[in-house]
Amino acid sequence: MNVESPFAALLAELPVRRETVSILGAETHYWVYGPEDATTTVVICHGYRGEHHGLEPVVAQLRGMRIISPDLPGFGESPAMPGVKHDVAGYAAWYAAFVAAVAPGGTAIVLGHSFGTLVTSYAVAKGLVSTPKLVLVNPIAANALEGPGKIRTQGTVVYYKLAMALPERVGYWLLDNWLVIRFMSLSLVKTRDKELRRFVHDQHHTYFGRFSDRRTVVEGFEASIGNDVTSVASDISVPTLLIGAEHDLITTVPQLEALRDEMTDATLHVIPDVGHLIHYEKSREAAGFIVDFLGSGSLADQRVASN
């Protein structure tokens, strides 16, 4: 498929440049959106098996901010980190070094989505990253084996174990299998907008297989199901915005509310009629909450917004 982004017109209005920086022995590729002289800088950490394109629908809705969006090591254009395990602690160490390199001073806003909420919350809780505010989109507020999609998660555990146990060529084929990716995409998408559904599926088929090696993929998966934000919630003291979903297969609304209550200063917004793909299906709503929470920037012109 080659589906044009419904957010292309909005994104085209933003200046963007691509850069690289060496972090923990590997080149991290990242993209900078928005004006260089913006008073607010946001550094994104995307979700598991995603890359920087995934959060572009949200980025496209924002104006007056400088947004830095990297491909996590082992995904997209960024190679894996040599000698570093690709788990939450490993990625948090990378993220901290990345923020220090591209947005020094401790004034950048930290934003994570899905697996990125594990990484960013850990980094902030452990004092690896200083930030005035934290934004978590589709936060993983409970162990994936205990959430509403626990049966599906158990099946996925078998899938990744099999992919790692098989000969490398066959295991890689399984991880990048078209039918598996389509099944995953169908299980996550909630919108009834046909154009947007086609775009979401195209995004998953285009980018879900862009990983450096299967060991990195499996290490990341094991980290994603073995951790949740609640384990470090009480150690996060900065104001935190939680943007959750009514029908998230990983985290229920009561679990989101429990996470909010564990934190010192957290605000929770639950968006209806969406699941784990807020960044695609409810990007404008998410962007609106971000602008209000940060008290900075603005939303793009509604006339060209797509959702």
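You'll find the structure just up there.
Quantities reported herein were computed from a predicted structural model and do not represent experimental measurements.

Asks: Which parts of the structure should I look at to understand the overall build of the protein?
Replies: A count of helices and strands for the protein gives 12 helices and 10 strands. Here the C-alpha atoms of the protein give a radius of gyration of 18 Å, agreeing with the 19 Å that 2.2 N^0.38 yields for 307 residues. With 307 residues in all, the protein has 57% of them scored as buried. Relative to all contacts within the protein whose residues are 6 or more apart in sequence, the contacts with residues 24 or more apart total 75%. If you sum the accessible surface of the protein, you get close to 12,600 Å²; carbon and sulfur atoms cover 53% of it. Averaging the coordinates of the 25 positive side-chain charges in the protein and doing the same for the 33 negative ones gives two points 5 Å apart.

Asks: Sorry, what's going on with the layout of surface pockets here?
Replies: Over the atoms, a rolled probe matching the size of one water molecule traces out where space is still vacant. Taken as a whole, the largest pocket spans an internal volume of roughly 820 Å³. Residue lining of the largest pocket: 38 residues in total, with Tyr48, Arg152, Met184, Leu188 and Phe208 positioned closest to the centre. Elements that contribute at least two residues to the lining of the largest pocket include exactly helix H5 (150-165), helix H7 (178-188), helix H8 (194-207), helix H9 (214-226) and helix H11 (278-281). Here the lining of the largest pocket gets six residues from one element, more than from any other, and that element is H5. Tallied by class, the residues present in the lining of the largest pocket amount to 18 nonpolar, 17 polar and three charged. Along its surface, the second largest pocket is lined by 14 residues, and Ser5, His53, Phe199, Gln203 and Tyr207 are the ones closest to its centre. Among the secondary structure elements, those contributing two or more residues to the lining of the second largest pocket are helix H1 (8-12), helix H2 (56-61) and H8. With five residues, the top contributor of residues to the lining of the second largest pocket is H8.

Asks: Would you take a moment to explain unusual backbone geometry for this structure?
Replies: You will see that Leu24, though not glycine, has its phi angle at about 50°, which is positive. Looking at the element boundaries, Leu24 is found in the loop between strand E1 (16-23) and strand E2 (26-33). The residue Asn138 is not glycine, and still its phi comes out positive at about 50°. Mapped onto the elements of the fold, Asn138 is located in the loop between strand E7 (134-137) and H5.

Asks: Looking at this structure, how should I read the side chain of Ser283?
Replies: Among the structural elements, Ser283 can be located in helix H12 (residues 283-294). On the accessibility criterion, Ser283 (0% relative accessible area) is buried. In this structure the side chain of Ser283 is engaged in a polar contact, spanning 3.2 Å, whose partner is the side chain of Gln61.

Asks: Looking at this model, I keep getting lost on the nonpolar core. Mind explaining?
Replies: One broad rule of soluble globular proteins: the nonpolar side chains tend to lie buried together. Judged by nonpolar contacts, the single largest core of 58 residues is most densely connected at Tyr95, Phe98, Phe115 and Met263. A total of nine residues in this core trace back to one element, the largest contributor, which is helix H3 (residues 88-102). Not counting residues within four places of it along the chain, the set of residues in contact with Met263 comprises Leu136, Val229, Ala233, Ile236, Thr240 and Leu242. Counting 27 residues, the second largest nonpolar core, distinct from the first, contains Leu14, Val137, Val274 and Ala286.

Asks: I keep staring at the sheet that holds strand E6 (residues 109-113) and nothing clicks. Help me out?
Replies: The strands making up a sheet are joined through hydrogen bonds of the backbone, oriented either antiparallel or parallel. The strand order across the open sheet formed by eight strands is E1-E2-E5-E3-E6-E7-E8-E9, and the pairing between neighbours is mixed. Among the strands making up the open sheet, the edge pair consists of E1 and strand E9 (266-271). Taken pair by pair, the neighbouring strands of this sheet meet at an average axis angle of 20°, ignoring direction. Inspection of the sheet shows E7 paired to strand E8 (residues 240-245) by four bridges, in the parallel sense. Opposite Leu134, over in E8, you have Thr240 as the bridge partner. With respect to the sheet, H12 is in contact with strand E3 (41-45), E6, E7, E8 and E9, its orientation differing from that of E8 by roughly 165°.

Asks: Please explain the pairing of E7 as it appears in this structure.
Replies: Two faces belong to every sheet, and in a regular strand the side chains alternate between them. The alternating pattern of E7 places Leu134 and Leu136 and Val135 and Val137 on opposite faces, both of which are buried. The pairing of E6 with E7 spans four bridges and is classified as parallel. Bridge pairing in E7 places His113 opposite Val137. You can see the chain leave E6, run along helix H4 (residues 115-125) and come back into E7, and the turn it takes is right-handed.

Asks: Explanation requested: empty space enclosed by the protein in the structure shown.
Replies: The tally for this structure, following the rule as stated, stands at one cavity of 30 Å³ or more. By volume, the largest cavity amounts to about 50 Å³. What lines the largest cavity is simply Val42, Ile44, Val58, Val59, Leu62, Ile67, Leu111 and Ile290. When residues of the lining of the largest cavity are traced back to their parent elements, those giving at least two are E3 and H2.

Asks: Explain the packing of H5 against helix H6 (residues 168-175) to me, please; I cannot follow it from the model alone.
Replies: Angle between the axes and distance between the axes: these two values describe a pair of packed helices. Put simply, H5 and H6 touch, their axes get as near as 7 Å, and they point 150° apart. Put simply, H5 runs roughly antiparallel to H6. Along its contact with H5, which presents Tyr159, Tyr160, Leu162 and Ala163, the element H6 presents Gly171, Leu174 and Leu175. Broken down by class, the residue content of the contact of H5 with H6 amounts to six nonpolar, one polar and no charged.

Conventions used here
- Throughout this description, residue numbers start from 1 for each chain and increase along the sequence as written.
- At least 70 in pLDDT is required for a residue's local features to be given in this predicted model, at least 80 for side-chain atom pairs to be given and counted, and no such filter applies to totals for whole chains, interfaces and linings, which use all residues.
- The side-chain values count all of the structure's non-hydrogen atoms but skip hydrogen atoms and water molecules.
- Helix and strand definitions follow DSSP, with helices as H or I runs of at least four residues and strands as E runs of at least two, each counted in order from the N terminus.
- Between the two quantities, the radius of gyration covers C-alpha atoms and the globule rule is 2.2 Å times the number of residues to the power 0.38.
- With a 1.4 Å probe rolled over the protein chains alone, any residue whose accessible area is under 20% of its type maximum counts as buried; one over 50% counts as exposed, and the rest are partly exposed.
- The contact criterion used throughout is that any non-hydrogen atoms of two residues lie within 4.5 Å.
- Reported accessibility uses the Shrake-Rupley method at a 1.4 Å probe radius. Residues are deemed covered only where the shown protein chains occlude them.
- Counted as positive: Lys and Arg. Counted as negative: Asp and Glu, with His and the chain ends omitted from the count.
- For the purpose of locating charges, the reference atoms are NZ of Lys, CZ of Arg, CG of Asp and CD of Glu.
- Buriedness for pockets is judged along seven lines, at least five of which must meet protein on both sides within 12 Å for an open set on the 1 Å grid over protein atoms alone, while cavities are sets there where a 1.4 Å probe fits but cannot get out, and lining residues have an atom within 4 Å of a point.
- Grid points are joined across faces, edges and corners, and a volume is the space filled by probe spheres set on the points.
- Charged means Asp, Glu, Lys or Arg here, nonpolar means Ala, Val, Leu, Ile, Met, Phe, Trp, Tyr, Cys or Pro, and polar covers whatever is left, Gly included.
- We call two N or O atoms a polar contact when they sit within 3.5 Å, provided that within protein one can donate a hydrogen and the other can accept it, with sequence-adjacent residues counted only if both atoms are side-chain atoms.
- Working definition of a nonpolar core: buried Ala, Val, Leu, Ile, Met, Phe, Trp, Tyr and Cys residues. They are joined through side-chain atoms within 4.5 Å.
- For two strands to count as paired, DSSP must find a minimum of two bridges between them.
- Comment: axis = line fitted to C-alpha atoms, over the contacting stretch for helices; angle = value between 0 and 180 degrees taken between N-to-C directions.
- A clockwise course of the path from the first strand over the helix to the second, judged with the strands pointing away from the viewer, identifies a crossover as right-handed.
- Angle categories are assigned with fixed cut-offs, so that under 35 degrees is roughly parallel, over 145 is roughly antiparallel, 65 to 115 is roughly perpendicular, and the rest are oblique.

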